[in-house]
Amino acid sequence: MLRFTLAPLFTLIFILTAQPALFSAEALDSLILDPQWQEYEQESFFQKCNEMGIQTGSLADRLSGRFDILPGSLFGMKLFAAKAYCNETSLKVLEVDFYEASSELGTLEETPFKALKDKAIVTLSQRLGSKGVGKNYESSSSPKRGSSFSERSVNGWWFWNYNNSGYFLIWDFGKRTTKGQPSVVTGKITLTVTPSIDQQIFRPDLWSGDVTRLLETDKTMRYEWTSQQKDSARSIYAGTLFGIGIPEVIARVDGDRLKSLTVSLYNRGDSGTFYTTEKGFNELASWICDALDARLGTKGSRRAITSANATRAQGMTWRTRDANFLLGWNGSKSTMPMMEERFARSEMTTYPREQFRPEYIRLIISSHKGIQSASKAMYGSSKLKSDANGDRYIDGVPMVDQGAKGYCAAAASERLMRYYGKNVDQHDVAKLMNAGRGGTRFVDFKNGLADLARRTGLRVNLLFGFDEQYVKKIQRAFQGIADQAKRRGTELDGADKTLLKQVRIAERNEYDKFGRNVKAYIDQGKPLLWALVLGISPEEGIPPQTQGGHMRLIIGYNLQQKQIIYTDTWGAGHEMKRMPIDDAWAATTGLFLVEP
């Protein structure tokens, strides 16, 4: 599940307890200001703590991923607690609490609480060498940070950058009233230090320098080209922006210049589904808008966003001397899923209630040519190429890397839309197709594709698709060859692959029609969306997912070698691959034509 917290959840957690300090007052100062703190592995972090006199837990605790370290002070300010979060190899987040109301520590009233907060801002500004940016909220307008478990009010925040790290101070203060009990003052002042992409995405030379060199040498973002054409690059090591974990950054390139950056602050495919209220989600987006106001030094303007007429989203725009900034967020009402066994209980009398399901929050940064300008439509027979070996294929279909999420249908559809000059994002498509981390149902894909085509002024033609009648025919034919079909329905990966291939090829009418369609539409410069089942025939060089439904684009054929040429949505190395047409047809569950 997704939690919007200042310190993202990582697999290994180091916990520091509030006890008397056993190390020098400057020890934690040095650790937090160390420009190499993000590069520490578990052992080097443990060794660094020992060198600084910071007492850690036992070896058994370290093997389990937990260290107990006794905190003291930070920049001369006494700490209540401190934490460090790691993944399997390196330190990712440092978090310290200057104050947290508790029975042991006691509570502060509003005036001394604010004085402590102000002291923390001044002290951090002095030590980090900049004033930073931030905002105080009045209690009545305090936003909530969305979470799958709770919604936490925020009374204010402050942000600094130092040594490619983000220093994020957040505070909240209030009173909790229990009926029949006296009011209890609650509050917390927390500093979080994380790898930050702030300096990378707000730097002005992004729009004037040699972006190819810049992307390839950026050790913080660690971009990887999504295709050999080098028209887009992707980073999944971005760190955070304003304390929020970034699952993905996409850089789009035009020649040697950067065209745009798409920074994903949340997307359902990478981050997982969580449910909240629409009000809570909008407050989270508003909180990010405030952070951008402060960082860019100008107030954003509200606008509705239309992605090539595909979906409408809420948004805010900013314009600076160097670039345009567009923050968009989108969600929808959805029925909250529940465990099937709960429905099976006899006492179950109610159904899941409808909840608001966030789809994405993304920031698009572009040059002043405009973030919503139409892509140059370059499609048709002029994009065809023929090689001496018999290959005939469509060149230049834009690559979109779906990453680890199950967005093959959405990503393949985005590629096709961009080929036809439509600025559509896979996350917009995923909403129309109700796609999730696990993939997209075939019926949702068909309906979503039809909706997408209608919105973008294109047409969809289903050239082939499994229906109940066809599946029954295949089942009967399969039984005629061998009375050992393991499973009924459209999930063909449960059947004997060799016999199934024989059955499919024996369907000469459909088999021949498949080949004719591929040749006819490729010759017109029109790629085909190809739904299939992985695992029917062996394939090399594909990700661990070797079974189950998948979506590709057919972009060519070779009559001499009886092959189709296709492309996958897995980035560089998957732009142009081939398969015998017999194997391709045996795995096919659907073939779709989208055209102007």
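Parameters at a glance
- Residues numbered from 1 in each chain as written.
- Predicted model: local features only at pLDDT ≥ 70, side-chain atom pairs only at ≥ 80, totals over all residues.
- Heavy atoms only, no water.
- Helix = DSSP H or I, 4+ residues; strand = E, 2+ residues; numbered from the N terminus.
- Contact = heavy atoms within 4.5 Å.
- Areas by Shrake-Rupley, 256 points an atom, 1.4 Å probe, with all protein chains shown as cover.
- 1 Å grid on protein atoms, 1.4 Å probe; cavity = no way out; pocket = protein on both sides within 12 Å on 5 of 7 lines; lining within 4 Å.
- Points joined across faces, edges and corners; volume = space filled by probe spheres on them.
- Salt bridge = Lys/Arg side-chain N within 4 Å of Asp/Glu carboxyl O.
- Buried < 20%, exposed > 50% of the residue type's maximum accessible area, 1.4 Å probe, protein only.
- Polar contact = N/O pair within 3.5 Å; in protein donor to acceptor, adjacent residues only side chain to side chain.
- Phe/Tyr/Trp six-rings, centres within 6.5 Å; stacked < 30°, edge-to-face > 60°.
- Lys NZ or Arg CZ within 6 Å of the ring centre and 35° of its normal.
- Pairing = 2+ DSSP bridges.
- pLDDT = per-residue confidence, 0-100.
- Core = buried A, V, L, I, M, F, W, Y, C linked by side-chain atoms within 4.5 Å.
- Expected span 1.5 Å × (residues − 1).
- Axes fitted to C-alpha atoms, helices over the stretch in contact; angles between N-to-C directions.
- Parallel < 35°, antiparallel > 145°, perpendicular 65-115°, else oblique.
- Left-handed = near helix turned anticlockwise from the far one by under 90°.
- Nonpolar A, V, L, I, M, F, W, Y, C, P; charged D, E, K, R; others polar.

1. Observations concerning the overall build of the protein chain
When you go through the protein chain residue by residue, the secondary structure sums to 16 helices and 30 strands. For the protein chain, restricting intrachain contacts to residue pairs at least 6 apart in sequence, the fraction spanning at least 24 positions comes to 64%. A total of about 27,300 Å² of accessible surface is found on the protein chain, and carbon and sulfur atoms cover 48% of it.

2. Some points on empty space enclosed by the protein
Applying the stated criterion across every chain yields a total of six cavities of 30 Å³ or more. Empty space within the second largest cavity amounts to approximately 120 Å³. At the level of elements, strand 17 (248-254), strand 18 (257-267) and helix 11 (426-433) are the ones that each hand at least two residues to the lining of the second largest cavity. Among the elements that make up the lining of the second largest cavity, the one with the highest residue count is strand 17 (three residues).

3. A word on the side chain of Asn517
For Asn517, the position within the fold is in helix 15 (residues 508-523). Once residues within four sequence positions are removed from consideration, Asn517 is found in contact with Leu463, Leu528 and Leu591.

4. Looking at the pattern of salt bridges
Applying the stated rule across the entire model yields 33 salt bridges. The salt bridge involving Arg357 is made with Glu359; its shortest N-O contact spans 3.9 Å. Residue Glu359 is classed as buried on the basis of its relative accessible area, which comes to 1%. The partner of Asp523 in a salt bridge is Lys519, and the shortest N-O contact between them spans 3.0 Å.

5. Here we look at the side chain of Asn155
Assignment of secondary structure puts Asn155 in the loop between strand 9 (152-153) and strand 10 (156-162). Taking relative accessible area as the criterion, Asn155 reaches 11% and is therefore assigned buried. A polar contact of 2.4 Å, which involves the side chain of Asn155, links it to the backbone nitrogen of Phe173.

6. Observations concerning the environment of Arg303
Mapped onto the elements of the fold, Arg303 is located in strand 19 (residues 301-306). Here Arg303 falls in the partly exposed class, since its relative accessible area comes to 33%. Between the C-alpha atoms of Arg303 and Leu327, which are 24 residues apart in sequence, the distance is 9.7 Å.

7. Points about the packing of aromatic side chains
Per the stated rule, a full pass over the model turns up 17 aromatic pairs. In this arrangement the basic side chain of Arg362 is found over the ring face of Tyr360, its NZ or CZ atom lying 4.2 Å from the centre. For Arg504, the ring lying beneath its charged end belongs to Trp585, and the centroid distance is 4.5 Å.

8. Focus: the pairing of strand 27 (residues 548-558)
When you tally the buried positions in strand 27, you get ten out of eleven residues, the bulk of the element. Strand direction decides the pairing type here: strand 24 (residues 391-394) and strand 27, joined by three bridges, are antiparallel. Each residue of the ladder has a partner; that of Asp391, found in strand 27, is Asn558. As paired elements, strand 26 (residues 528-534) and strand 27 share seven bridges and run antiparallel to each other. By the bridge assignment for strand 27, Leu528 is matched with Ile554. Sheet topology note: the strand 27/strand 28 (residues 563-567) ladder contains five bridges and is antiparallel.

9. Topic: the confidence of the model for the protein chain
Put simply, the protein chain has an average pLDDT of 77, and 71% of its residues get 70 or more. Across residues 147-151 the pLDDT falls below 50, and counting only partners more than four positions away or on other chains, this stretch makes 17 contacts in the model. Throughout residues 370-375 the model reports pLDDT below 50, and contacts reaching past four residues in sequence, or to other chains, amount to 18 contacts.

10. Things to note about the nonpolar core
The biggest cluster of nonpolar side chains holds 64 residues, and the ones touching the most others in it are Leu529, Trp530 and Ile554. Ignoring anything within four residues of it in the chain, the contact list for Trp530 reads His550, Met551, Arg552, Ile554, Ile564, Tyr566, Met579, Ala584, Thr588, Gly590 and Leu591. Counting residues in each nonpolar core, the second largest holds 49 residues, with Val211, Leu261, Phe281 and Ala291 among its members.

11. Re helix 10 (residues 408-419)
Owing to its 3.6 residues per turn, the α-helix aligns residues three or four sequence positions apart on the same side. For helix 10, which comprises twelve residues, the first-to-last C-alpha distance of 16 Å matches the rise-based estimate of 16 Å (1.5 Å per residue) to within 8%. Among the twelve residues of helix 10, twelve are classified as buried, and the element is accordingly described as predominantly covered. Within helix 10, burial applies to Cys408, Ala409, Ala410, Ala411, Ala412, Ser413, Glu414, Arg415, Leu416, Met417, Arg418 and Tyr419. Phi turns positive one or two residues past the end of helix 10, at Gly421, with a value near 85°.

12. Description of the packing of helix 10 against helix 11
Interhelical geometry of helix 10 versus helix 11 gives an angle of 125° and a closest axis separation of 8 Å. On the basis of the axis angle, helix 10 is oblique to helix 11. Helix 10 and helix 11 meet at a crossing whose hand is right-handed. Residues Ala409, Ala410, Ala411, Ser413 and Glu414 of helix 10 form the contact with helix 11, whose participating residues are Gln426, Val429, Ala430 and Met433. Each residue belonging to the contact of helix 10 with helix 11 can be placed in one class, and the counts come to six nonpolar, two polar and one charged.

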